[in-house]
Each structure stands twice: as C-alpha cells, then as structure tokens.
Amino acid sequence: MSRAVNLAIVGATGAVGQVLCELIGSRKFPVNELHLLAGPNSAGSRVQVSGKQHMVGLLSEFDFSRADIAIFSAGGEVSRQYVPIATEAGCVVIDNTSEYRYEPDVPLVVAEVNPEALDDFRNRNIIANPNCSTMQMLVALKPIHDAAGIEHINVCTYQAVSGSGQSAVEELARQTACLLNGQDIECKAYDKQIAFNVLPAIDRLEDNGYTREEMKLVWETRKILGDEAIMVSPTAVRVPVFYGHSEAVHLRTRQPLDAAEVRALLENAPGVRVIDDLANGQYATPVLDASGQDPVFVSRIRNDIGQDNGLSLWIVADNLRKGAGLNSLQIAEILVDRHF
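First, a word on what this report is: a plain description of the structure on this page. Owing to the predicted nature of the structure, the values given are computational and were not obtained by experimental measurement.

**Considerations on the packing of helix H3 (residues 132-148) against helix H5 (residues 212-225)**
Thinking step 1. One can describe the packing of H3 onto H5 by two numbers: an axis separation of 10 Å at closest approach and a directional angle of 40 degrees. Here H5 runs oblique to H3, going by the angle between their axes. Both H3 and H5 take part in a crossing whose hand is right-handed. Seen from H3, the contacting residues are Ser133, Thr134, Met137, Leu138, Lys142 and His145; seen from H5, they are Glu213, Lys216, Leu217, Glu220, Thr221, Ile224 and Leu225.

Next up, the structure:
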C-alpha cells in the first residue's frame, strides 16, 4: 500500500463497527489517524483498536476534512444526513447502507468480484457496499459466471437475526430462554416469534409481491455483474441463528459446466473456501464454520437434475464480517493501494 491514511468509522460502537475495529488491527490496515464516531449515546466511550484505546467522538461535531476515507455503518438515516457532508469536505465514503446502492453513478463493489468499478469512485466520492446476502452469493458465483455465463439464479436465503441489529439478537436469546422455561414471550424486533421459527418476510413488501430484501438480490446482482439480462428468483427468510447467513442457490448457465469443474474453479477463487464431502459429513454451517471467519464457504456443489445447464450450491458466510465489515475494509485497502 502506498501510504497511511486518516480513517473515520461512523457507527464505531455498533455490531459492524466493532468488526471493523477488529479487522483494522488483524489486517494491519495503514492508518495514520483513526477517528471513531457515534451518536450521543455512545460518544465518550472507549474502544480498543490495534492494542490502543481510542475515544469515540460525537459524529455531529466531526470535521470530515480530517479524514481521507470514512466507512459508514450507522443506518440509512445517518448516511442520508452525513454522507453529503463528508464528501463535500473531500472525504471518500464507503457506505454500508442501501442509501446509495442503486444510484447509477455510485459504484457498488464486492472486492473479489468487481474491483474495477472503483475506478469511477470520484464521480461522487461515494462507494456502496452491497447487501450481505448478495455479497456472499456473488463471491461464489463470479467464477462460474466468468466461465460459463449465468442466465438465471433461484436463491433462498436463511438469514441470521444479527442482520436486523443487536435488538434482534437479544430478542432471539430472550425468547429462547423464556420458551425453554415455560414463560410467555414478547415480540418487538419482529412481528412474530423468531425463536424455534422461521419468518419468510424481511423488509417491506414491494408492489410486485416480493420484499425489498429479495429485490436487493435482483438489483444488486445485475449491477455488480454488469449484466441486466441475468434473471433472479429470490426468497428471503429469517431464521433463529445469531450470526451467519446461508443460501440455497440453483442456477442455470449459458454454457454447460460440470460440478467437478465448478468445484475446481471455486477451490482456486479468492475469498472462497470449499467444504464439500457430504459422504463424510463435510459441509459448511453458519455456526460451526462461518461465524467469526472471513471466507465465503461453499458446499453441496452438484449438477441440478431439474434443468439443463443447472447447478446447485450451498453458500454460507458471516454476515457481519464478509457481509459488511470485511468488504468495506477491502474496498478501503484497494483505494489506498491504487488511488491514494
């Protein structure tokens, strides 16, 4: 990397912010000055990064001209208000919310998939981080798309409650404890019981009958792969898992591709780890493999017996690491290496 930069983390005390602070140290990101920022409830607290204690500053008082790069992980409303302030001050923003993902002049980037899109970041000084479910899927599917072209993706996601925030994590733990002790439960983070249950409704309902979470898989897949012809049939489901999203993916390619060829491609793909020996009980799960880990794990690689040129895969990743914090920091690393 060419030089150390001044880095701001907006939402530093949140779940993704905590992951970012850990990754800055473990990946030895070249930081000159580190500015940890949050709202009034968390400002003044201290966070350890790379063995040093850092005071969390108040976002509303920060001068973004002091930062070269700012990673925003504090929700859409905060990004809506403060990203324009940051970019106006000359700071490059990597935004983890959906606020800017679908704007045509804002690059939507997965580090292993389309890093070339970063060449256009100066359009607005904003780079968008994709939705966690889209991100892990495309890390696994990009080598297949390059080799044989993808026509159609049918994906069902099984998404951990941490994707809804800390309140949902606490709700799952609380409901589980209550039910195991024969007590009544309360539903606040979700409109229905999540413990020992699955909820096929994530985010608001769109006019076409799909939820917004499902449509993110459609919009973002096409934008990231640069192919509006790819058809995506999504179903997004919330499951009683704390950390780690899983996906059952069935796809149709333009050219035939054997499962053994796919396995070989993925074993050599950046950011992917293949665990695929079902006969010996080897397959990836969110709890035992993905949680707290960086790679996207792929299992159950097989030819789809229900369609020509069909493939089926099981894809698992930590939604807070690769799905948010890690990809953001990888984008920052590419920026520093190529553009600073």
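**Looking at the pattern of salt bridges**
Thinking step 1. With the rule as written, the count across this model stands at 19 salt bridges.
Thinking step 2. Of the charged contacts, one joins Arg80 and Glu99 as a salt bridge, the two residues approaching to 3.1 Å between their closest N and O atoms. You can see Arg80 sitting in helix H2 (residues 76-88) and its partner Glu99 sitting in the loop between strand E6 (92-95) and strand E7 (126-128), a full 19 residues away along the chain.

**What to know about the sheet that holds strand E1 (residues 5-10)**
Thinking step 1. Ordered by their spatial adjacency, seven strands build an open sheet running E3-E4-E2-E1-E5-E6-E7, and the pairing between neighbours is mixed. Both outer strands of the open sheet, strand E3 (46-49) and E7, are each paired with one neighbouring strand and no more. Recorded for the sheet is a direction-independent mean angle of 25 degrees between the axes of neighbouring strands.
Thinking step 2. The pairing of E3 with strand E4 (residues 52-58) spans four bridges and is antiparallel. Looking at E4, one finds that Gln48 is bridged to Gln53.
Thinking step 3. Relative to the sheet, helix H1 (residues 15-26) contacts E1, strand E2 (31-38), E3 and strand E5 (69-72), its axis offset from that of E1 by approximately 155 degrees.

**Focus on the packing of H3 against helix H8 (residues 321-339)**
To characterise two packed helices, one gives the angle between the axes of the helices and the distance between these axes.
Thinking step 1. The contact between H3 and H8 brings their axes to 8 Å, and the two run at 80 degrees. Between H3 and H8, the crossing angle belongs to the class labelled roughly perpendicular. The segment H3 lies against H8, with Cys132, Met135 and Val139 engaging Lys322, Gly323 and Asn327.

What counts and what doesn't
Residues numbered from 1 in each chain as written. Predicted model: local features only at pLDDT ≥ 70, side-chain atom pairs only at ≥ 80, totals over all residues. Heavy atoms only, no water. Axes fitted to C-alpha atoms, helices over the stretch in contact; angles between N-to-C directions. Helix = DSSP H or I, 4+ residues; strand = E, 2+ residues; numbered from the N terminus. Parallel < 35°, antiparallel > 145°, perpendicular 65-115°, else oblique. Left-handed = near helix turned anticlockwise from the far one by under 90°. Contact = heavy atoms within 4.5 Å. Salt bridge = Lys/Arg side-chain N within 4 Å of Asp/Glu carboxyl O. Pairing = 2+ DSSP bridges.

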